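Listed below, chain by chain, are the residues.
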Amino acid sequence: MSSVSIRSAEDSSASIASSGGGGDGGLGRTLVLALGTFAVGTDAFVLAGFLPDVAASLHTSTASAGQAVTVFAAAYAVASPVVATLTARFPRRLLLVAALIVLAAANAASALAPNLPLLLAARVLAAAGAAGYTPTAGAVTAALVRPEMRGRALAVVVGGLTVATALGVPLGDAAGAVMGWRAALGLVAALCLLTAIAAAVLMPTLPGSAPVPLAARLAALRRPGVASVLPLTVLGMAAAYTVYAYAIPALHALGIADGATAWILAAYGAGAILGNLAAGIAADRLGPTRVLVVGYALMAMTLATFAVLAVAKVHAPALVAVLAITWGASTWCQTPPQQHRLFSAAPSEAPLLMALNASAIYVGIGIGTAAGGLLVASGAAWMFTIAAIVACLALGWLAATATATGHKATRRWSTLAR
């Protein structure tokens, strides 16, 4: 990256820190940001809770309805660096609030969509709102806390997404059954609007930063540490989401009845919350690479066990619930240590890297949901098997690249912090 873009990133972090009390070590302000990521996460994940109902209402297949998840992810991945470039000068609070208002409007449009093309268009608009919010929230968080608390603070903000996984999808499943999927999306729109009001009232005033050209943002991909970390984010999220968007039909194949799917998804969400928080603490104490090794190994074993149950047609609801917990934990333990590794690789470019990592997350989700859509007709066993293989590939990539992004990068961060 050019020296100009590096200085711009440093100025961004410094301006946020000076205005928001960076380095005070307090995690309280991150709770406001976590509320926003909960709204964003609910928007992103709630469709998975009633995908079959969406398909029936719009007179299309479940695989086609799943494109709503894929399109959101793909649009987010493209929009994230573009939105970050166009909104660089925006005050951070204004940007966070505006993004949440866009999300509210997009969810209202989704709820009113009469056909699949208009639903997909509304999901693209929602992705633009999410692209404006999530990377900004992460970059602000990184600047507001002391370096040694970075993992925990990021875990709190990412925790908003995991709580959305815990509550958004099962509540969407239940709400879709009681009031229909359109009304459920209307509730999500209301949640986004209420969160925008809370952010406007409670968040401190934070200035924008000097604009960094899009080419300079993408130039960060050429840094050795960054180039090896981001593909792991893609692989890990692809493994986790090959089945997740189609969790309802997959759970049916495992013998889980309609009335119990919400409970299994809630178990997934509970595991996601525990895995995310534990990963944030462990990344600070043990190092991010060790956390990722455990996470990807657990993910591969969990998905492989699901595949065996599907092939053998064994109906064991209690075991499925336990596996759902480990599935959620292994999925959402990835993000805090991955962000930790990126900050260590290039701490002066934190705002840029947050946007790029957010893009990588949604590239992985898009790839995973697209693969799941192709495999759903072949049965749950194939979906779980392919997902387990991708998790093994993620573990192999980590083993091949951990040395290049480990100790030297950590020493660079420690030197900068001092």
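So, how was this worked out
- Residues numbered from 1 in each chain as written.
- Predicted model: local features only at pLDDT ≥ 70, side-chain atom pairs only at ≥ 80, totals over all residues.
- Heavy atoms only, no water.
- Phe/Tyr/Trp six-rings, centres within 6.5 Å; stacked < 30°, edge-to-face > 60°.
- Helix = DSSP H or I, 4+ residues; strand = E, 2+ residues; numbered from the N terminus.
- Buried < 20%, exposed > 50% of the residue type's maximum accessible area, 1.4 Å probe, protein only.
- Axes fitted to C-alpha atoms, helices over the stretch in contact; angles between N-to-C directions.
- Parallel < 35°, antiparallel > 145°, perpendicular 65-115°, else oblique.
- Left-handed = near helix turned anticlockwise from the far one by under 90°.
- Contact = heavy atoms within 4.5 Å.
- Nonpolar A, V, L, I, M, F, W, Y, C, P; charged D, E, K, R; others polar.
- Expected span 1.5 Å × (residues − 1).
- Patch = residues over 30% accessible without salt bridge, like charges linked within 9 Å, V, L, I, M, F, W, Y side chains within 5 Å.
- Areas by Shrake-Rupley, 256 points an atom, 1.4 Å probe, with all protein chains shown as cover.
- Salt bridge = Lys/Arg side-chain N within 4 Å of Asp/Glu carboxyl O.

### Digging into the packing of aromatic side chains
Scanning the model with the defined rule gives 9 aromatic pairs in all. Ring centres of Tyr244 and Trp327 lie 6.1 Å apart, and the angle between their planes is 75 degrees; this geometry places the pair in the edge-to-face category. A residue pair is termed long-range when its members are at least 10 positions apart, and Tyr244 in helix α11 (residues 224-244) and Trp327 in helix α15 (residues 317-332) qualify at 83 residues. On the basis of relative accessibility, which here comes to 5%, the residue Trp327 falls in the buried class. Where Phe306 meets Trp327, the ring centres are 5.7 Å apart and the plane angle is 70 degrees; that geometry is what we call edge-to-face. Separated by 21 residues along the polypeptide, Phe306 in helix α14 (residues 288-312) and Trp327 in helix α15 bring together distant segments of the chain.

### Let's talk about the packing of α11 against helix α18 (residues 380-401)
One can describe the packing of α11 onto α18 by two numbers: an axis separation of 8 Å at closest approach and a directional angle of 165 degrees. The pairing of α11 with α18 is recorded here as roughly antiparallel in orientation. α18 is crossed by α11, and the crossing has left-handed handedness. Note on element contacts: α18 touches α11 through Met383, Phe384, Ala387, Val390, Ala391, Leu393, Ala394, Trp397, Leu398 and Thr401, opposite Ala227, Ser228, Pro231, Leu232, Leu235, Gly236, Ala238, Ala239, Thr242 and Val243. Its residues placed into classes, the contact of α11 with α18 shows 16 nonpolar, 4 polar and no charged.

### Overview of helix α13 (residues 258-286)
With 29 residues, α13 extends 41 Å from end C-alpha to end C-alpha; this agrees with the ideal 42 Å at 1.5 Å per step. At the C-terminal side of α13, Gly287 shows a positive phi close to 100 degrees.

### Let's talk about unusual backbone geometry
In this structure, His59 takes a positive phi of about 55 degrees despite not being glycine. Of note in the backbone geometry, Lys313 takes a positive phi value of approximately 55 degrees without being a glycine. You can see Lys313 is positioned in the loop between α14 and α15.

### Here's the deal with a nonpolar patch on the surface
Together, Ile101, Leu193, Leu194, Ile197, Val201 and Leu202 make up a nonpolar patch on the protein surface, roughly 610 Å² of accessible area in all. Element by element, the count of residues in the nonpolar patch is highest for helix α9 (residues 181-202), at 5 residues. Mapping Ile101 onto the fold places it in helix α6 (residues 92-112). Take Ile101: its relative accessible area is 42%, and that puts it in the partly exposed class.

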